[in-house]
Amino acid sequence: MISNVTARPHTTPDEIAARLVEQVTSEVRWEDSMRHLLEQGFTRFIELGPGTALGGFLRRIDARAQILNIADAASLEATVQVCG
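Novice: Residues and numbers for the pattern of salt bridges, please.
Specialist: Within this structure, the stated rule accounts for four salt bridges. Put simply, R19 and E22 hold a salt bridge, and the shortest N to O gap is 2.9 Å. One end of the pair, R19, and the other, E22, are both in helix α1 (residues 13-25), three residues apart, so they sit about a helical turn from each other. With relative accessibility at 28%, the residue E22 sits in the partly exposed group. Residue E31 pairs with R35 through a salt bridge whose shortest N-O separation is 2.9 Å. Of this pair, E31 and R35 both sit in helix α2 (residues 30-39), separated by four residues, roughly a single helical turn.

Novice: Before we move on, can you summarise the pairing of strand β2 (residues 66-70) with the specific residues and values?
Specialist: Looking at chain direction, strand β1 (residues 44-48) and β2 are connected through five bridges and run parallel. Each residue of the ladder has a partner; that of I46, found in β2, is L68. Read as a crossover between parallel neighbours, the route from β1 over helix α3 (residues 53-61) to β2 is right-handed.

Novice: Lay out the nonpolar core with the relevant residues and their values.
Specialist: Judged by nonpolar contacts, W30, M34, L37, L38, F45, L58, I61, A65 and I67 together constitute the single largest core of nine residues. Only α2 and α3 provide two or more residues apiece to this core. With four residues, α2 is the single largest residue contributor to this core.

Cut-offs applied
- Residues numbered from 1 in each chain as written.
- Predicted model: local features only at pLDDT ≥ 70, side-chain atom pairs only at ≥ 80, totals over all residues.
- Heavy atoms only, no water.
- Salt bridge = Lys/Arg side-chain N within 4 Å of Asp/Glu carboxyl O.
- Helix = DSSP H or I, 4+ residues; strand = E, 2+ residues; numbered from the N terminus.
- Buried < 20%, exposed > 50% of the residue type's maximum accessible area, 1.4 Å probe, protein only.
- Pairing = 2+ DSSP bridges.
- Right-handed = clockwise from strand over helix to strand, strands pointing away.
- Core = buried A, V, L, I, M, F, W, Y, C linked by side-chain atoms within 4.5 Å.

Below, the structure is given as structure tokens:
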């Protein structure tokens, strides 16, 4: 899990629980989190829920990123087809 509080990965249940609590009260470092993933070589991102605001933000960071959106059953099926 990449924490939006630290913009770094966390793997243990205790770490993840602590970061989720902090996320409620701390500054969110979403852009730093996305930059970290891009630096690690991730190129495909899936945005869950209605709207595409986060995908738009990510495109401003790196226009080469592939961004898929799942908002309903049809978009879920389309994403499954793309991702195999």
